[in-house]
Amino acid sequence: GVLRCSSLSQASMMASANSRLLLLLGVLSLLSSCASFSLLSASPSSLLRASSPLLRSSRRNAPVFAPFSLRASGASDPVTGAKFTEENPSEGKKQSSGGGHSVPGAVAESVSEETKAKREKIRVHQEACARISWAEVAQTIVAQKEAFAVLATNSKSMAGFPLASLVGFAVDKDGRPIFCFSTMSAHTVNLMSDGRASLCVTEKGFVGAADARVTLVGTVKKVEGEEAEELRSAYMASHAGAYWAQFGDFSMYRMEDIKQVSFVGGFARAGSVTPEEYLAAKPDPLHLFAQPVMKHMNDDHTDALKDYVRYLVGVEGPIDKVEMRRLDRLGFDMRVTNGNDSGLLRIPFENEVRERKDVKTAIVALSQKVAAQKAKEEEEGKKEE
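All values derive from a computational prediction rather than experimental measurement.

A. Layout of the overall build of the chain. The helix and strand tally for the chain stands at 10 helices and 10 strands. Expressed as a percentage of the 385 residues in the chain, the buried residues total 41%. Long-range contacts, defined here as pairs at least 24 residues apart, represent 64% of the contacts in the chain between residues at least 6 apart. In the structure as shown, the chain presents an accessible area of about 20,900 Å², 56% of it carried by carbon and sulfur atoms.

B. Local environment of the sheet that holds strand E8 (residues 321–328). Spatial ordering of the open sheet is given by E8-E9-E10, a layout of 3 strands whose pairing is antiparallel. The open sheet terminates on both sides in strands that have one partner only, identified here as E8 and strand E10 (341–348). Neighbour-to-neighbour, the strand axes of this sheet turn through a mean angle of 20°, independent of strand direction.

C. Summary view of the pairing of strand E5 (residues 213–223). Two elements, strand E4 (residues 196–202) and E5, share 7 bridges in a ladder whose sense is antiparallel. Looking at E5, one finds that Leu199 is bridged to Leu216. In this structure, E5 lies alongside strand E6 (residues 250–266), joined through 11 bridges in antiparallel fashion. Looking at the pairing, Gly218 lines up with Ile258 of E6.

D. Representation of the environment of Arg335 in the model. Within the secondary structure, Arg335 is located in strand E9 (residues 331–338). Along the backbone, Arg335 and Glu323 are 12 residues apart, and their C-alpha atoms lie at a distance of 5.2 Å. Side-chain polar atoms of Arg335 contact the side chain of Ser342, separated by 3.4 Å.

E. The arrangement of helix H3 (residues 113–128) in detail. The first and last C-alpha atoms of H3 sit 23 Å apart over 16 residues, in line with the 22 Å expected at 1.5 Å per residue. Looking at the buried side of H3, the elements it contacts are helix H9 (302–313) and E10.

F. Layout of helix H5 (residues 186–193). Along H5, the residues classified as buried are His187, Thr188, Asn190 and Leu191. End-on, the buried residues of H5 take up no more than an arc of 160°, which puts them together on one face. Where H5 is buried, its residues contact strand E1 (147–154), strand E2 (162–171), strand E3 (177–182), E4, E5 and E6.

G. A look at the environment of Met297. Structurally, the position occupied by Met297 is in helix H8 (residues 290–300). For the pair formed by Met297 and Ile363, sequence separation is 66 residues and the distance between their alpha carbons is 9.9 Å. Excluding residues that lie within four positions of it along the chain, Met297 makes contacts with Thr302, Leu305, Met324 and Ile363.

H. Here's a closer look at the packing of H9 against helix H10 (residues 356–384). Contact pair H9 / H10: the axes reach a minimum separation of 10 Å and the direction vectors enclose 60°. Relative to H10, the element H9 lies oblique. As H9 packs across H10, the resulting crossing turns out to be left-handed. Where H9 approaches H10, its residues Asp307, Tyr308, Tyr311 and Leu312 are matched on the opposing element by Ile363, Leu366, Ser367, Lys369, Val370, Gln373, Lys374 and Glu377.

I. Structural context of a negative patch on the surface. Residues Glu377, Glu378, Glu379, Glu380 and Glu384 make up a contiguous surface patch of negative charge. When you line up the elements, Glu380 lands in helix H10.

J. A look at unusual backbone geometry. The residue Glu146 is not glycine, and still its phi comes out positive at about 50°. Note that Glu146 resides in the loop between helix H4 (134–142) and E1.

K. The pattern of salt bridges, seen in detail. Within this structure, the stated rule accounts for 31 salt bridges. One salt bridge in this structure joins Glu203 and Arg326, with 2.9 Å as the shortest N-O distance. Remark: Arg326 occurs in strand E8 and Glu203 occurs in the loop between E4 and E5; sequence separation between them is 123 residues. Neither Glu203 nor Arg326 differs from the other in exposure class; each is buried. A salt bridge links Lys259 to Asp257; its shortest N-O distance comes to 2.9 Å. Exposure remark for Asp257: the relative accessible area of 33% places this residue in the partly exposed category. Put simply, Glu203, Asp211, Arg325, Arg326, Asp328, Asp333, Arg335 and Arg346 are held in one network by salt bridges that share partners.

L. Expanded view of the packing of aromatic side chains. All chains considered together, the criterion is met by 8 aromatic pairs. With 6.1 Å between their ring centres and 65° between their planes, Tyr243 and Phe247 make a pair best called edge-to-face. The class of Tyr243 is exposed, set by a relative accessible area of 57%. Within the aromatic cluster, the residues linked to one another by ring pairs are Tyr235, Tyr243, Trp244, Phe247 and Phe250.

Basis of the calculations
- Residues numbered from 1 in each chain as written.
- Predicted model: local features only at pLDDT ≥ 70, side-chain atom pairs only at ≥ 80, totals over all residues.
- Heavy atoms only, no water.
- Helix = DSSP H or I, 4+ residues; strand = E, 2+ residues; numbered from the N terminus.
- Buried < 20%, exposed > 50% of the residue type's maximum accessible area, 1.4 Å probe, protein only.
- Contact = heavy atoms within 4.5 Å.
- Areas by Shrake-Rupley, 256 points an atom, 1.4 Å probe, with all protein chains shown as cover.
- Pairing = 2+ DSSP bridges.
- Axes fitted to C-alpha atoms, helices over the stretch in contact; angles between N-to-C directions.
- Polar contact = N/O pair within 3.5 Å; in protein donor to acceptor, adjacent residues only side chain to side chain.
- Expected span 1.5 Å × (residues − 1).
- Arc of directions from axis to C-beta.
- Parallel < 35°, antiparallel > 145°, perpendicular 65-115°, else oblique.
- Left-handed = near helix turned anticlockwise from the far one by under 90°.
- Patch = residues over 30% accessible without salt bridge, like charges linked within 9 Å, V, L, I, M, F, W, Y side chains within 5 Å.
- Salt bridge = Lys/Arg side-chain N within 4 Å of Asp/Glu carboxyl O.
- Lys, Arg positive; Asp, Glu negative; His and termini not counted.
- Charge placed at Lys NZ, Arg CZ, Asp CG, Glu CD.
- Phe/Tyr/Trp six-rings, centres within 6.5 Å; stacked < 30°, edge-to-face > 60°.

Here it is in structure tokens:
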């Protein structure tokens, strides 16, 4: 009787275990068919295969727009396929990519040799493009008009904790941030107790990780006397509506001693700029009128921008959206989008441009180059017929 009961108990336990296993397998099967399973899967490889159509590209439909490639050796640009370790164009230094972004179990993208060759052509073109230095980019971002940024100070009321405040700022002739603060503001109270602070400035039109930002770390001090009035005038020139800057309760402050400059030019693009390099650099000369020029091109000449991408860079296939994002004396950067693929492409000018009147000449020269390329391709097509 005891043996019979024991056998029944074991059989019952086995049946229960089998039921639980079948139930678990059923749930996993159901979840695997859902897009949300990508957040729950215990298998990174199956997670990526199920959740990312970009990683399921076949040789037949692999886009020339290289999607975000998840490689063990590091990440690459969504469009060019170039890895995120680059030379500083003026100083010959390497950008830091922190060893690259890798995802365990990621599925290697399968593309044809033809697609690889096209991507390589784009990569080579992009690496050869002339660019201003990181220090100049940082100065240009910080020099923008009517600028606001996040200022982090050491809290006086909550010792050991930082306080982040959104504040307006301008710059002095060296690119050092200047502020006009009320004595009643919490960040002002903090600075009077401890001047150590950091200021995070984003480029105009900042959306997310693919866009550029600069963080300056240093000591903020109150500026007195005649110099304070000069800085007040500079601040009001940058912030046209800041009439309140003349109120008696507002004083001028400046980040006097810049200890560190952290520059991030986009996704996985982190650059090292020393305080000395930053202070020695100047904003790009086109920054004062770059925004209206880019707005005009984006509003009225998107077809021309798409032609630049196709005929000057070599991108093939449909382009859903193109937007000029940065303009400097050596060329401009465009965000190019096709479906879920998006990335920045550089279009260099034939010659350096420093005056507003010369920007149009430089852009017309690019359009003429496109027209010549189109005519050449048409002629070659006629010969083949």
